[in-house]
Amino acid sequence: YGGMGLDFSYNIAVAEELGNIRCGGIPMAIGVQAGMATPALTRFGSDELKKQFLAPTIAGDFVACLGISEPGAGSDVANIKTTAVRKGDEYVINGGKMWITSGSQADWMCLLANTGEGPPHRNKSLICLPMNLPGIHVAKKIDKLGMRSSDTAQIFFEDVKVPSKNLIGEEGKGFTYQMLQFQEERLWGVATVLTPLETIIQETIDYTHQRKVFNQSVLHNQTVHFRLAELATEVELLRSLLHRAVALYVEGNDVTKFASMAKLKAGRLAREVTDSCLQFWGGMGFTSEVLVSRFYRDLRLMSIGGGTDETMLSIICKYMEILPSK
């Protein structure tokens, strides 16, 4: 379908390299294409769907978006309310999605919707939804704290009719497919923050070396250079965890626990590194002229998007059997 047939480790190599871009929005947009909206289609979609949606997305002719979050259901995926009711050879879709990356410009959406009345983990399906159909309303482009170059939309569906053949895989398996899709999304997200964190630390070293306070460089203070050494160590530890998870994933293992640990650590470390380094920049760090202030805003999303820190902790607890089963 136009891809190179490489394993997932190459996605991660690309994601790390994209971290050299000096903003978070562009790697995130590419990540939606490569690791968020398309894995389920690649694994479970029909040949017809792959030719119609996957091939042009890989080629860059289509922009894809992922329709999961809703105003009342972000990390709580099982609680989504959007419905896709089967009527003959079509699904009729009603509801809405929120915080949709690339939503204003997308050509199609990988949509998660309720297609049945059963238990919340078995009544959902993924559907390839062309975004030019009647009844799709892009309500607004959301103004955000960070990732300001990224197009993030609120979208409503009113009696949108889509062919039933646009179903990805089996009806009722959408929740399971999306949980698998989340693993690649989270690993991609971790990979994209590694290089920015290294860059911020290095630029802070350079700045504090030349900035003089009380007749000596800021970097000369032990509290500063020790802190930067600690942060650099944490970034390397995160990289090792990511590479271990990816190696296991490529071998076909379930890496939900390790991916969740890496996602949790990446979100917290992104906050820790950007906050600590911004402090060492002093008043200059509070301006929009320096990279550290941009990543302070952009990378804050890491602890929220694709599953909050609290969701990651719940998953980790489940796999460690810390909490009793309900």
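Note that this is a predicted model, so its numbers are computed, not measured.

Peer 1: I'm lost on the pattern of salt bridges in this one. Help?
Peer 2: Any two side chains of opposite charge can pair, on the condition that their charged atoms come close. Scanning the entire structure with this criterion turns up 15 salt bridges. Note that Glu170 is salt-bridged to Lys173, the shortest N-O span being 3.5 Å. In this structure, the salt-bridge partner of Arg227 is Glu230, at a minimum N-O distance of 3.3 Å. Here Glu230 and Arg227 lie together in helix 6 (residues 222-250), a separation of 3 residues that amounts to about one turn. Of the residues examined, Arg227 reaches a relative accessible area of 21% and is grouped as partly exposed. By relative accessible area, Glu230 is classed as partly exposed at 45%. When salt bridges with common partners are traced through the structure, they connect Glu16, Glu198, Glu236 and Arg239 into a single cluster.

Peer 1: Hey, could you run me through the domain arrangement of the protein chain in this one?
Peer 2: How big an interface is tends to be stated in terms of accessible area lost as the parts join. If you check the domain split of the protein chain, you get domain 1 (37-171) and domain 2 (176-320). The straight-line distance from the C-alpha centre of domain 1 to that of domain 2 is 30 Å. Residue-level contacts link 20 residues of domain 1 with 16 residues of domain 2. Note on domain 1 versus domain 2: buried area summed over both sides is about 1,500 Å², and carbon and sulfur give 60% of it. Ranking the residues of domain 1 by area buried against domain 2 places Arg43, Ser75 and Met147 at the top, with a combined share of 33%. Of the charged contacts in the structure, one is a salt bridge between Glu184 and Arg43, with a shortest N-O distance of 3.8 Å. Viewed at the interface, domain 2 and domain 1 are joined by 5 residue pairs in polar contact (both at pLDDT 80 or more). Examining the composition of the side of domain 1 that touches domain 2, we find that 4 residues originate from one element, helix 3 (residues 39-44), more than from any other.

Peer 1: Mind showing me how you'd approach the side chain of Thr192 here?
Peer 2: Along the chain, Thr192 turns up in helix 5 (residues 174-210). Within the local environment of Thr192, its side chain forms a polar contact with the backbone oxygen of Gly189, the two atoms lying 2.7 Å apart. With residues up to four places along the chain from it excluded, the contact list for Thr192 reads Ala15, Gly19 and Pro27.

Peer 1: For this particular structure, what's the right way to read the packing of helix 2 (residues 25-36) against helix 5?
Peer 2: Packing of helix 2 against helix 5 brings their axes to within 9 Å, and their N-to-C directions diverge by 150°. Classified by the interaxial angle, the pair formed by helix 2 and helix 5 is roughly antiparallel. Classified by chirality, the crossing of helix 5 by helix 2 is right-handed. Along its contact with helix 2, which presents Pro27, Ile30, Gly31, Ala34, Gly35 and Met36, the element helix 5 presents Gln181, Glu184, Glu185, Trp188 and Thr192.

Peer 1: Help me understand a nonpolar patch on the surface in this model?
Peer 2: A cluster of nonpolar residues, Met4, Leu6 and Tyr10, forms a patch on the protein surface that exposes about 370 Å² of accessible area. By secondary structure assignment, the location of Leu6 is in the segment before helix 1 (8-18). Leu6 gets classed as partly exposed once you look at its relative accessible area, which sits at 45%.

Peer 1: Any chance you could explain the side chain of Asn166 here in plain terms?
Peer 2: Counting through the fold element by element, Asn166 comes out in the loop between strand 7 (152-163) and strand 8 (167-168). Owing to a relative accessible area of 2%, Asn166 belongs among the buried residues under this scheme. Excluding residues that lie within four positions of it along the chain, Asn166 makes contacts with Leu49, Phe53, Leu126, Ile127, Cys128 and Pro130.

Peer 1: Can you help me understand the UniProt feature "domain: Acyl-CoA dehydrogenase/oxidase N-terminal" (unreviewed entry) in the protein chain in this one?
Peer 2: Within this structure's numbering, the places UniProt gives as "domain: Acyl-CoA dehydrogenase/oxidase N-terminal" (unreviewed entry) are residues 1-61. Secondary structure content for residues 1-61 is 69% helix and 0% strand, and the end C-alpha separation is 13 Å.

Peer 1: Would you mind showing me how to read helix 1 here?
Peer 2: Every α-helical turn comprises 3.6 residues, leaving residues that sit three or four positions apart pointing alike. For helix 1, the set of buried residues is Phe8, Ile12, Ala15, Glu16 and Leu18. The buried residues of helix 1 occupy an angular sector of 160° when the element is viewed end-on, so they sit on one face.

Peer 1: Explain the UniProt feature "domain: Acyl-CoA oxidase/dehydrogenase middle" (unreviewed entry) in the protein chain to me, please; I cannot follow it from the model alone.
Peer 2: In the numbering used here, UniProt assigns the "domain: Acyl-CoA oxidase/dehydrogenase middle" (unreviewed entry) feature to residues 65-160. Counted over residues 65-160, helix gives 0% and strand 51%. Its end C-alpha atoms are 17 Å apart.

Peer 1: Looking at this model, I keep getting lost on helix 8 (residues 291-298). Mind explaining?
Peer 2: Within helix 8 the residues assigned to the buried category are Leu291, Val292, Ser293, Phe295 and Asp298. Lining the buried residues of helix 8 we find helix 5 and helix 7 (256-281).

About the cut-offs
Residues numbered from 1 in each chain as written. Predicted model: local features only at pLDDT ≥ 70, side-chain atom pairs only at ≥ 80, totals over all residues. Heavy atoms only, no water. Salt bridge = Lys/Arg side-chain N within 4 Å of Asp/Glu carboxyl O. Helix = DSSP H or I, 4+ residues; strand = E, 2+ residues; numbered from the N terminus. Buried < 20%, exposed > 50% of the residue type's maximum accessible area, 1.4 Å probe, protein only. Domains from an automatic or database assignment. Contact = heavy atoms within 4.5 Å. Buried area = accessible area lost by both parts, 1.4 Å probe. Polar contact = N/O pair within 3.5 Å; in protein donor to acceptor, adjacent residues only side chain to side chain. Axes fitted to C-alpha atoms, helices over the stretch in contact; angles between N-to-C directions. Parallel < 35°, antiparallel > 145°, perpendicular 65-115°, else oblique. Left-handed = near helix turned anticlockwise from the far one by under 90°. Patch = residues over 30% accessible without salt bridge, like charges linked within 9 Å, V, L, I, M, F, W, Y side chains within 5 Å. Areas by Shrake-Rupley, 256 points an atom, 1.4 Å probe, with all protein chains shown as cover. UniProt positions renumbered as here; feature names shortened; annotations may be inferred. Arc of directions from axis to C-beta.

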